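# Remarks on the overall topology
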Amino acid sequence: MGRTWKDIIIAERRNVHSPTSMGYRAYHLTILKFDRKIEVQLRTVGQQRWADSIERTDSRHGLTLKDGVGPESLMDYFSGAGEMIYSLEYGVPRSDSSITKFREAREKVINDGYFRRKGE
């Protein structure tokens, strides 16, 4: 008789509705297959783009933002970006204050020289 996914999932963690302080969201499962633990990360398109962007920024600037360590302006930007992505993908209304906070964070990282405006 075959095994089901329910038989091999041994842990669930990081629910998409509870982001890290940096704004990271994904659904993680740990499965047991062939006596080995395997972590599976399930991400939406936006969550994957967010993760790719923070990885590129870490590499480009020698940072560890994904671990919550780095310049405050970048941490505020990625935290806000994670919230905006979540709102768009899950249909959660955004407050005016969260939109304003994200716009200010985006402007700060541009002014600090971490990113450029499109077309520059």
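Here, every reference points to the structure presented above.
This section reports on the structure supplied with the text. (Residues numbered from 1 in each chain as written. Predicted model: local features only at pLDDT ≥ 70, side-chain atom pairs only at ≥ 80, totals over all residues. Heavy atoms only, no water.)

## Considering the nonpolar core
Core analysis: the largest hydrophobic core is formed by 15 residues, its most contacted members being Met22, Trp50, Ile54, Leu65, Tyr77 and Phe78. In terms of residue count, helix 3 (residues 72-90) provides more of this core than any other element does, five residues in total. Beyond its immediate sequence surroundings of up to four residues, Trp50 is in contact with Met22, Gly23, Tyr24, Phe78, Ala81, Gly82 and Ile85. (Core = buried A, V, L, I, M, F, W, Y, C linked by side-chain atoms within 4.5 Å. Buried < 20%, exposed > 50% of the residue type's maximum accessible area, 1.4 Å probe, protein only. Helix = DSSP H or I, 4+ residues; strand = E, 2+ residues; numbered from the N terminus. Contact = heavy atoms within 4.5 Å.)

## Looking at helix 2 (residues 45-61)
When the terminal C-alpha atoms of helix 2 are compared, their 24 Å separation across 17 residues agrees well with the 24 Å that a helix rising 1.5 Å per residue should span. If you follow the buried residues of helix 2, they end up packed against strand 3 (36-42) and helix 3. Looking at the residues trailing helix 2, positive phi occurs at Gly62, about 65 degrees. (Expected span 1.5 Å × (residues − 1).)

## As for the packing of aromatic side chains
Following the criterion strictly, the structure yields seven aromatic pairs and no others. Ring pairs connect the aromatic residues Tyr24, Trp50, Tyr77, Phe78, Phe102 and Phe115, which therefore count as one cluster. Directly above the aromatic system of Tyr86 lies the positively charged group of Arg25, at a separation of 3.7 Å from the ring centroid. (Phe/Tyr/Trp six-rings, centres within 6.5 Å; stacked < 30°, edge-to-face > 60°. Lys NZ or Arg CZ within 6 Å of the ring centre and 35° of its normal.)

## With respect to helix 3
Over its 19 residues, helix 3 extends 27 Å from the first C-alpha to the last, a length consistent with the 27 Å expected when each residue adds 1.5 Å. Of all the positions in helix 3, only Ser73, Leu74, Tyr77, Phe78, Gly80, Ala81, Gly82, Met84, Tyr86 and Ser87 are classed as buried. Gly91 sits one or two positions beyond helix 3 and adopts a positive phi of about 70 degrees.

## Looking at the pairing of strand 2 (residues 27-33)
A regular strand carries its side chains on alternate faces of the sheet. Sheet analysis places strand 2 next to strand 3, joined by seven bridges and oriented antiparallel. The residue bridging His28 from the neighbouring strand is Gln41, located in strand 3. Count of turn residues in the strand 2/strand 3 antiparallel hairpin: two residues, of which Phe34 carries a positive phi of about 55 degrees. (Pairing = 2+ DSSP bridges.)

## A closer look at the environment of Leu74
Among the secondary structure elements, Leu74 is positioned in helix 3. Residue Leu74 is classed as buried on the basis of its relative accessible area of 0%. Sequence separation between Leu74 and Lys108 is 34 residues; the distance between their C-alpha atoms is 8.4 Å. Apart from the residues within four sequence positions on either side, Leu74 is in contact with Met22, Thr57, Leu63, Leu65, Val109, Tyr114 and Phe115.

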